[in-house]
Amino acid sequence: MIAVVCFAAQFAFTKIYEGRVRQTFVTALSLLVFTSCIGTLLFLIVGGFQIRFSWFSGIMAAIFALIMIPYFVVGIQILSLGSLAIYSLFMMLGGMLLPFFYGILFLREDVSAGKVAGCILLTACMILQGTGQETEEKVKKKWLYYLLCMVGFIVNGLTGVIAKAHQVHGHGREVDEISFTVISCGLTAVFALFLLVPMLLGKSRKTKMAEFRSTLAMVPFLSIIAIGVAAYLGNFLHLKAATTVPASVQFPVVSGGVIVLSALVSRVIFREKIALREWIAIGGSFVATFLFMY
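Keep in mind that this is a model prediction, so the values were computed, not measured.

With respect to the overall build of the chain
The helix and strand inventory of the chain stands at eleven helices and zero strands. Order of helices (α) and strands (β) in the chain, N terminus to C terminus: α-α-α-α-α-α-α-α-α-α-α. Per-residue burial for the chain yields a buried fraction of 52% across its 294 residues. A separation of at least 24 residues holds for 88% of the contacts in the chain among residues at least 6 apart in sequence.

Some remarks on the packing of helix α2 (residues 25-46) against helix α8 (residues 205-214)
Axis separation between α2 and α8 bottoms out at 9 Å; the angle between their running directions is 45 degrees. Between α2 and α8, the angle is such that the two are oblique. Here the hand of the crossing between α2 and α8 comes out right-handed. The segment α2 lies against α8, with V26, T27, S30 and F34 engaging K208, E211, F212 and S214.

Looking at the environment of G58
Here G58 shows up in helix α3 (residues 55-81). A relative accessible area of 13% means that G58 is categorised as buried. In this structure, the C-alpha to C-alpha distance between G58 and V175, residues 117 residues apart in sequence, is 9.8 Å. Setting aside residues no more than four positions away along its own chain, G58 makes contact with F53 and L187.

Comments concerning the confidence of the model for the chain
Per-chain confidence: the chain averages 79 in pLDDT, with 86% of residues scoring 70 or above. Mean pLDDT across the elements of the chain ranges from a minimum in helix α10 (residues 247-268), with 71, to a maximum in α2, with 91.

Structural notes on the packing of α2 against helix α7 (residues 177-201)
α7 packs onto α2 with a crossing angle of 150 degrees between their chain directions and a minimal axis gap of 8 Å. Taken together, the axes of α2 and α7 lie roughly antiparallel to each other. Seen along the crossing, α2 lies across α7 with a hand that is left-handed. Across the contact of α2 with α7, the residue classes break down as 19 nonpolar, seven polar and no charged.

Description of helix α1 (residues 2-20)
Spanning 19 residues, α1 covers 27 Å between terminal C-alpha atoms, matching the ideal 27 Å at 1.5 Å per step. Among the residues of α1, A3, V4, C6, F7, A8, Q10, A12, T14, Y17 and E18 are the ones counted as buried.

Observations concerning the packing of aromatic side chains
Overall, the coordinates contain six aromatic pairs when judged by the stated rule. Between F64 and F180, the ring centres sit 6.2 Å apart and the planes meet at 75 degrees, which makes this aromatic pair edge-to-face. Taken as a pair, F64 in helix α3 and F180 in helix α7 lie far apart in primary sequence, 116 residues in all. You can call F64 buried: its relative accessible area is 9%.

Considerations on the environment of L195
Summarising the element assignment, L195 is placed in helix α7. Taking C-alpha positions, L195 is 9.5 Å from I69, a pair spaced 126 residues apart along the chain.

Focus: the pattern of salt bridges
Scanning all chains against the criterion turns up one salt bridge. For R22, the salt bridge is made with E211, and the minimal N-O distance between the two is 3.4 Å. Here E211 lies in helix α8 and R22 lies in the loop between α1 and α2, a separation of 189 residues in the sequence.

Topic: unusual backbone geometry
For F49, which is not glycine, the phi torsion reads 60 degrees and is therefore positive. Inspection of the secondary structure assignment puts F49 in the loop between α2 and α3. Classification of F49 as exposed rests on a relative accessible area of 56%.

Cut-offs used in this document
Residues numbered from 1 in each chain as written. Predicted model: local features only at pLDDT ≥ 70, side-chain atom pairs only at ≥ 80, totals over all residues. Heavy atoms only, no water. Helix = DSSP H or I, 4+ residues; strand = E, 2+ residues; numbered from the N terminus. Buried < 20%, exposed > 50% of the residue type's maximum accessible area, 1.4 Å probe, protein only. Contact = heavy atoms within 4.5 Å. Axes fitted to C-alpha atoms, helices over the stretch in contact; angles between N-to-C directions. Parallel < 35°, antiparallel > 145°, perpendicular 65-115°, else oblique. Left-handed = near helix turned anticlockwise from the far one by under 90°. pLDDT = per-residue confidence, 0-100. Nonpolar A, V, L, I, M, F, W, Y, C, P; charged D, E, K, R; others polar. Expected span 1.5 Å × (residues − 1). Phe/Tyr/Trp six-rings, centres within 6.5 Å; stacked < 30°, edge-to-face > 60°. Salt bridge = Lys/Arg side-chain N within 4 Å of Asp/Glu carboxyl O.

Here it is, written out as structure tokens:
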């Protein structure tokens, strides 16, 4: 449940960040570099600057880091093309369904009537929550928008699959969650820097540097710190839970919880109007999280 709070906080602070800077590759990569550095430092301190390493964990962390780049960059591009509601819908569906089916198909986790009903209800609620706003907002370049949404669906789901696979297979059991988070955060920062630095030194460096400097203003930078702490604390707790909680339960419950809490934050803090269909979706998501317990 603490991971759910962290992920909801991540979305809230990301909303603040995106409202203060332009949605470009530079601002997306800058966010990724800074938050990854924060995650690395945070968990180095938590782990007493001691890191366990295995080649299996290193490979899994590298894959995780590579996945995080399109996760951030594609997300920024999607938001510049169309609805945030539909983007969130695809991301949450990917984060729920891919790990769910991974647990069922590859880890031979039990399938119960409650899990099947919960999966169906949660999927229906996510669709209901997103489609209401989609009818009111015109999406630019729909084919590209939905193509990127499908990429986001796959990317977000793969992060959950990688995290689960690391904890339950091979030598990954020798490397604790703190060490894996440090390694993946560090590699993410390095990979993102390889992409960011050439942009800042390229032909349009004045424009790109201006975009980069905008991320260092007080509100965006404080948002970056909050996003980094929330995101990687949430990921760490997610990894911790993966050692004891079946993937077919863990990921759908987290998805449903984030939907409910994010909606409450949206209404109470950001004063956004929530339509009746969205309240129905929120209530259904809450019920669905309990169905996965049975």
